[in-house]
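Structural overview
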Amino acid sequence: LNQLLFKDPTKPPVVFHYFPFFGSTVRYGMDPYAFFNSCQEQYGDVFTYVMLGRKMTACLGPKGNDFVFNGKLSEVSAEEAYTHLTTPVFGDGVVYDVPNNILMEQKRFMKFGLTAETFKSYVPLIVEQVEDYTKKSKFFKGPKGTVSLSAIIPELTIFTAARSLQGKEVRDALDGSFAKLFHDLDMGFTPMNFLFPWFPFPSNKRRDNAQRTMAKFYMSIIEKRRKEEASGVDHSDMIWNLMGRSYKDGTPVTDRNVAHMMIALLMAGQHTSMATITWMLLHVADQPKLVKDLYDEQVRVFGNGKGGIEPLSYEKLSECTILNHTIRETLRTHPPLHSIMRKVKAPMHVDGTNYVIPKGHYILGAPGVSAMDEKYFKNPHVFDVSRWEGQKTEEEGEKMDFGFGMVSKGTASPYLPFGAGRHRCIGEQFANVQLSSIMATFIRNFELGYPEGCGVPKPDYSSMIALPTPPCTISWVKRDP
Ligand code: HEM
């Protein structure tokens, strides 16, 4: 009643709730998209809800995406929204534990290690990991069978990223104690840690211990590399690229900084890529025609003219249009990050409204909402790879035409799975290399489908990202070698 009687026209509508501190925490936490969609219907694109005492203003639609991603540095802060979750996991001195200008420099350093030259060397390494894994795995014995993707994809994702981006030492260590360290660290990267940063969860001790031990491990690799440097050994991985750099003011990037950046890259890529490859395999397995089209594409692009298929290569992956569109459609229907947050540092006026969002509130973008809105995508809930035919990507310098007269580029787009603006993802190209190499290797080796009674599962929002509900079982039949 209070909310109805004393509504302030300069504030966005507040989502109705019974309990002041808890507000909409449970509704949001159970299914953020169902929550956003029902609030959007009731209140419009901009509304405020309460989440454990925090005042969150959701800004939906392409304009909302623009508002959040394009917020001025003087008005919004990503570090104040995320640091309590990320700093204990990544370590200090990097990403959200430093002022934004330092993060921008760190992202620039990381980008130098994400070039076409390095990707060329990564493709065969990723393929080798997937083939090795499926050959040795107990889930792929015999000519045909079923497999739980929830059991294998987390491992495959980390093995492939480790062998390529993280370096051989990290991949080798994953067969030993590093796997347990990663698990302990990961247990500290949960919604509970985000919501209750002050609560002394028993897992926090294991998380802190794992962070310290992992950082030491990376620093020992750096030390070893430094000795190898003199003997002219060439490495194309990220550690090598981050070593020996300096910030603009001349301060050297310390070995600890490098170690913490490596952990940040590992964590940023693991969940996002793992969710995407799982959803992609699930949707592909659901469409026999797509399985065939993807296989025929491999034959068309990599056929050697004698009935055989050449090994996968970075140069030719971009010619695999159907594969690339499958990745795009997966990221449209299941963008791993459903909520992008910023803390408001100075009052922000929302264009086209009377609303002013006060300092201390949070703004929240959810590009996944516009990506599933029929205003921008016909039959948005249908997984239809063909909708991307003829569409160029922003990288190709083209504006994207989503039909319905909606043409966009930059932050005001309905499709932004990698974010936009100053915090935009730097891992997009690497993720594309990793996802397409894994997918193409599966397609070349197996026909995919579903066992009787199985199909694409529902999303599960209990972790930081939108994962399919386990066990995610699909069936496979080995192709003739
Ligand atoms: C930022 C998505 C893979 C590293 C972001 C953001 C999104 C995103 C939405 C923006 C976050 C924000 O504005 O608050 C994804 C998706 C991926 C993926 C969908 C895979 C399918 C990766 C990989 C890496 C990576 C593989 C590392 C190699 C980063 C980094 C940032 C970032 C360093 C910058 C954070 C910032 O500036 O605040 N990613 N990401 N991501 N991502 Fe990714």
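Report on the accompanying structure.

Protein coordination of the iron atom of the ligand is limited to a single donor, Cys-425 (SG), positioned at 2.3 Å. Position of Cys-425 relative to the elements: it lies in the loop between β10 (407-408) and α19 (428-445).

Neighbouring the ligand are 24 residues; Tyr-96, Lys-107, Arg-342, His-423 and Cys-425 lie closest to it. Between an oxygen atom of the ligand and a side-chain N or O atom of Tyr-96, the distance comes to 2.4 Å. Between the ligand and Arg-342 there is a distance of 2.7 Å, counted from an oxygen atom to a side-chain nitrogen or oxygen. If you list the elements that add at least two residues to the shell around the ligand, you get α6 (100-112), α14 (255-285), β5 (340-344) and α19. For the shell around the ligand, the leading source of residues is α14, giving 5 residues.

Next up on the list: the sheet that holds β5. Within a sheet, neighbouring strands are paired by backbone hydrogen bonds and run either parallel or antiparallel to one another. Reading across from one edge, β1-β2-β8-β5-β3 is the order of the 5 strands in this open sheet, with mixed pairing throughout. Here the strands that pair on one side only, and so sit at the sheet edges, are β1 (46-51) and β3 (76-77). Across 6 bridges, β1 lies against strand β2 (residues 54-59) in antiparallel orientation. Bridging from a neighbouring strand, Met-51 pairs with Arg-54 of β2. With respect to the sheet, helix α3 (residues 32-43) is in contact with β1, β2 and β8 (362-365), its orientation differing from that of β1 by roughly 130°. Sheet contacts for helix α4 (residues 61-69): β2, β5 and β8; angle to β2, the most-contacted strand, approximately 130°.

The final tally for this structure, using the stated rule, is 18 salt bridges. Across the pair Arg-225 and Glu-169 runs a salt bridge whose closest N-O atoms are separated by 2.7 Å. Within this pair, whereas Arg-225 is found in helix α12 (residues 203-230), its partner Glu-169 is found in helix α9 (residues 168-173), the two being separated by 56 residues in sequence. Arg-225 sits in the buried class, given a relative accessible area of 0%. When the shortest N-O distance is used, the salt bridge between Asp-255 and Arg-226 registers 2.8 Å. With a gap of 29 residues between them, Asp-255 in helix α14 and Arg-226 in helix α12 connect regions that are remote in the sequence. Residue class for Arg-226 comes out partly exposed when judged on its relative accessible area of 36%.

The element β2 is largely enclosed, with a buried count of 5 among its 6 residues. Between β1 and β2, which pair antiparallel in sequence order, lie 2 residues; one of them, Leu-52, sits at a positive phi of approximately 45°. Inspection of the sheet shows β2 paired to β8 by 4 bridges, in the parallel sense. When the sheet's bridge partners are listed, Thr-57 is paired in β8 with Ile-363.

For the pair α14 and α19, interaxial distance at closest approach is 10 Å and the crossing angle is 35°. With respect to the hand of their crossing, α14 and α19 are arranged in right-handed fashion. Each of Ser-273, Thr-276, Ile-277, Met-280, Leu-281 and Val-284 in α14 lies in contact with α19, whose residues at this interface are Ala-431, Gln-434, Leu-435, Ile-438, Met-439, Phe-442 and Ile-443. Class assignment of the residues belonging to the contact of α14 with α19 gives a composition of 10 nonpolar, 3 polar and no charged.

Reading the values: the criteria
Residues numbered from 1 in each chain as written. Predicted model: local features only at pLDDT ≥ 70, side-chain atom pairs only at ≥ 80, totals over all residues. Heavy atoms only, no water. Donors = N, O, S within 2.8 Å, 3.2 Å for Na, K, Ca; no water. Helix = DSSP H or I, 4+ residues; strand = E, 2+ residues; numbered from the N terminus. Near = heavy atom within 4 Å. Polar contact = N/O pair within 3.5 Å; in protein donor to acceptor, adjacent residues only side chain to side chain. Pairing = 2+ DSSP bridges. Contact = heavy atoms within 4.5 Å. Axes fitted to C-alpha atoms, helices over the stretch in contact; angles between N-to-C directions. Salt bridge = Lys/Arg side-chain N within 4 Å of Asp/Glu carboxyl O. Buried < 20%, exposed > 50% of the residue type's maximum accessible area, 1.4 Å probe, protein only. Left-handed = near helix turned anticlockwise from the far one by under 90°. Nonpolar A, V, L, I, M, F, W, Y, C, P; charged D, E, K, R; others polar.

Taken by themselves, the reported measurements are silent on function.
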